[in-house]
Amino acid sequence: MDVHAYMAERTPLIDAAIEARFANAADLPERLRGAMRHLLFPGGKRLRPVFAIAAAEAVGAPSPAAMYAAMPIAVAVELIHTYSLIHDDLPCMDDDAIRRGRPTVHVAYDEATAVLAGDALLTEAFAALAENSAPASDAEAVLFSVRRLAEAAGAAGLVGGQVDDLSYSSTLSGPDASGAGTDHVRLASIHARKTAALFSAAVVGGAALAGASESERERLEAFAMDVGVAFQIADDLLDADSDEAASILRLQGTEDARLGAEGLLECALSRIEDLCERAEPLRELARYAVRRKK
Ligand code: GRG
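Remember, it's a predicted structure, so these values are computed and weren't measured experimentally.

A look at the overall build of the chain
(1) Moving on: Across its full length, the chain holds 12 helices and two strands.
(2) Moving on: Listed by position from the N terminus, the elements making up the chain come as α-α-α-α-β-β-α-α-α-α-α-α-α-α.
(3) Moving on: At 18 Å, the chain has a C-alpha radius of gyration in line with the 19 Å of a compact globule built from 294 residues.
(4) Moving on: The buried share of the chain, taken over its 294 residues, is 51%.
(5) Moving on: Restricting to contacts in the chain with at least 6 residues of sequence separation, those with at least 24 account for 74%.
(6) Moving on: In the form shown here, the chain has an accessible surface area of approximately 12,600 Å², with 57% of it arising from carbon and sulfur atoms.
(7) Moving on: Charge separation in the chain, taken as the distance between the mean sites of 28 positive and 45 negative side-chain charges, equals 3 Å.

Right, here's the structure in full:
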């Protein structure tokens, strides 16, 4: 199957669903609206929303029903991903002026507006998920996806991963005196929380909203965590010149890192090998996320 065609078919529908969140929000301050939309349109690859939809299609009714069941979490994860990029670029964090080849939000607007736009996107994500999910999915699945998203975004997920990432560069050599483990262990934990947690909330949330069983959720969770970490390694390999603190490339050579990502991909695919042929797009997306060249 053609994974690019698969993504290209779904991306306009995801964009329209994100756009719809703004259509009904007439009373937003214009400056805030602009700052919230600045990185959303045009967006990035929309990988997390497409994963959410592919997971729903792997276990749910044939699309478009599965796709529409997963759309609320697809929108929510993209809003949270965008907030995290805006905050990550701030002068007090990575201090980057450019994102996706354009001035990032605090440069195009100002720092306070960028902080507030991120806050608004994070909050809006949960409104999007809670408001749009019923009645297409059952209440337990909606609550499950809200909880998984909160865990992925919160102190044990993105935020905790970012805190560890910020302190990582100062303690880079050998076993860590704090008892947190070797650099490899610490790095794996940062990748799991900073990158894989949101992937996993997208995949398992999308699947749950489309009616996944408990055992399907468990397998997809393990699949998505492995894919998320492998995706982060692939991102480090593509961005080998950056000074990202938590890069695997500081600890092992390029070839070892590539082999590590391939190993995680194989492991991820083995977790969902018994899912039916409708899981093929999900498998192809995983291969694409880990092996992409740009
Ligand atoms: C500020 C709470 C907080 C967290 C920031 C997301 C993040 C954590 C930092 C951004 C930099 C980074 C290396 C994140 C890891 C995840 C990653 C590889 C993001 C890029 O994802 P893509 O490639 O981006 O899906 P696009 O641009 O396609 O959306």
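Comments concerning the pattern of salt bridges
(1) Moving on: Taken as a whole and judged by the stated rule, the model has 27 salt bridges.
(2) Moving on: With its nearest N and O atoms 2.9 Å apart, the salt bridge here joins glutamate 280 to arginine 283. Here glutamate 280 pairs with arginine 283, and both are found in helix α12 (residues 280-291), just three residues apart, close to one helical turn.
(3) Moving on: Judged by relative accessible area, which is 30%, glutamate 280 ranks as partly exposed.

A few points about the site of the ligand
(1) Moving on: Lys45, Arg48, His81, Arg100 and Gln232 are the nearest of the 18 residues found near the ligand.
(2) Moving on: Between the ligand and lysine 45 there is a distance of 2.6 Å, counted from an oxygen atom to a side-chain nitrogen or oxygen.
(3) Moving on: In this structure, arginine 48 approaches the ligand through a side-chain N or O atom, which is 2.7 Å from an oxygen atom.
(4) Moving on: Sorting the residues of the shell around the ligand by element identifies α4 (65-88), α8 (158-168), α9 (183-209) and α10 (214-238) as the ones contributing at least two each.
(5) Moving on: Among the elements that line the shell around the ligand, the one with the most residues is α4, at six residues.
(6) Moving on: Tallied by class, the residues present in the shell around the ligand amount to four nonpolar, seven polar and seven charged.

Focus on the nonpolar core
(1) Moving on: In terms of nonpolar packing, the biggest core is built from 95 residues, with Leu47, Phe51, Leu149, Leu220, Phe223, Leu282 and Leu285 touching the most fellow members.
(2) Moving on: At 15 residues, α4 tops the list of elements feeding residues into this core.
(3) Moving on: Those residues in contact with phenylalanine 51, other than ones at most four positions away along the chain, are Phe199, Val203, Phe223, Val227, Leu282, Leu285, Ala286 and Ala289.

With respect to α12
Helical periodicity: at 3.6 residues per turn, an α-helix aligns residues three or four positions apart in one direction.
(1) Moving on: Here α12 is 12 residues long and its end C-alpha atoms lie 16 Å apart, about the 16 Å a rise of 1.5 Å per residue gives.
(2) Moving on: For α12, the full list of buried residues reads Pro281, Leu282, Arg283, Leu285, Ala286, Tyr288, Ala289 and Val290.
(3) Moving on: As for α12, its buried residues are in contact with α1 (3-23), α3 (47-59), α10 and α11 (254-271).

Quick look at unusual backbone geometry
Residues other than glycine predominantly adopt negative phi, and peptide bonds predominantly adopt the trans conformation.
(1) Moving on: A cis amide bond links phenylalanine 41 to the next residue, proline 42, at an omega of -5°.
(2) Moving on: Within the fold, proline 42 resides in the loop between α2 (30-38) and α3.
(3) Moving on: Look at the link from serine 63 to proline 64: it is a cis peptide, with omega at 15°.
(4) Moving on: Structurally, proline 64 can be placed in the loop between α3 and α4.
(5) Moving on: Of note in this structure, aspartate 95 is not a glycine but carries a positive phi near 55°.
(6) Moving on: One can find aspartate 95 in the loop between α4 and β1 (98-99).
(7) Moving on: Under the relative-accessibility criterion, aspartate 95 is labelled partly exposed at 48%.

Some remarks on the packing of aromatic side chains
(1) Moving on: Throughout the structure, instances matching the rule amount to two aromatic pairs.
(2) Moving on: Ring centres 5.0 Å apart and planes at 45° place the aromatic pair phenylalanine 199 and phenylalanine 231 in the tilted group. Within this pair, whereas phenylalanine 199 is found in helix α9, its partner phenylalanine 231 is found in helix α10, the two being separated by 32 residues in sequence. As far as burial versus exposure is concerned, phenylalanine 199 and phenylalanine 231 are alike and both buried.
(3) Moving on: Members of the aromatic cluster, joined through ring pairs, are Phe51, Phe199 and Phe231.
(4) Moving on: When the ring centre of tyrosine 6 is taken as reference, the NZ or CZ atom of arginine 10 above it lies at 3.6 Å.
(5) Moving on: Directly above the ring of phenylalanine 22 sits arginine 37, whose terminal nitrogen or CZ lies 5.2 Å from the centroid.

Overview of the side chain of histidine 87
(1) Moving on: With respect to the secondary-structure elements, histidine 87 resides in helix α4.
(2) Moving on: The class of histidine 87 is buried, set by a relative accessible area of 14%.

Cut-offs and rules
- Residues numbered from 1 in each chain as written.
- Predicted model: local features only at pLDDT ≥ 70, side-chain atom pairs only at ≥ 80, totals over all residues.
- Heavy atoms only, no water.
- Helix = DSSP H or I, 4+ residues; strand = E, 2+ residues; numbered from the N terminus.
- Rg over C-alpha atoms; globule rule 2.2 N^0.38 Å.
- Buried < 20%, exposed > 50% of the residue type's maximum accessible area, 1.4 Å probe, protein only.
- Contact = heavy atoms within 4.5 Å.
- Areas by Shrake-Rupley, 256 points an atom, 1.4 Å probe, with all protein chains shown as cover.
- Lys, Arg positive; Asp, Glu negative; His and termini not counted.
- Charge placed at Lys NZ, Arg CZ, Asp CG, Glu CD.
- Salt bridge = Lys/Arg side-chain N within 4 Å of Asp/Glu carboxyl O.
- Near = heavy atom within 4 Å.
- Polar contact = N/O pair within 3.5 Å; in protein donor to acceptor, adjacent residues only side chain to side chain.
- Nonpolar A, V, L, I, M, F, W, Y, C, P; charged D, E, K, R; others polar.
- Core = buried A, V, L, I, M, F, W, Y, C linked by side-chain atoms within 4.5 Å.
- Expected span 1.5 Å × (residues − 1).
- Phe/Tyr/Trp six-rings, centres within 6.5 Å; stacked < 30°, edge-to-face > 60°.
- Lys NZ or Arg CZ within 6 Å of the ring centre and 35° of its normal.

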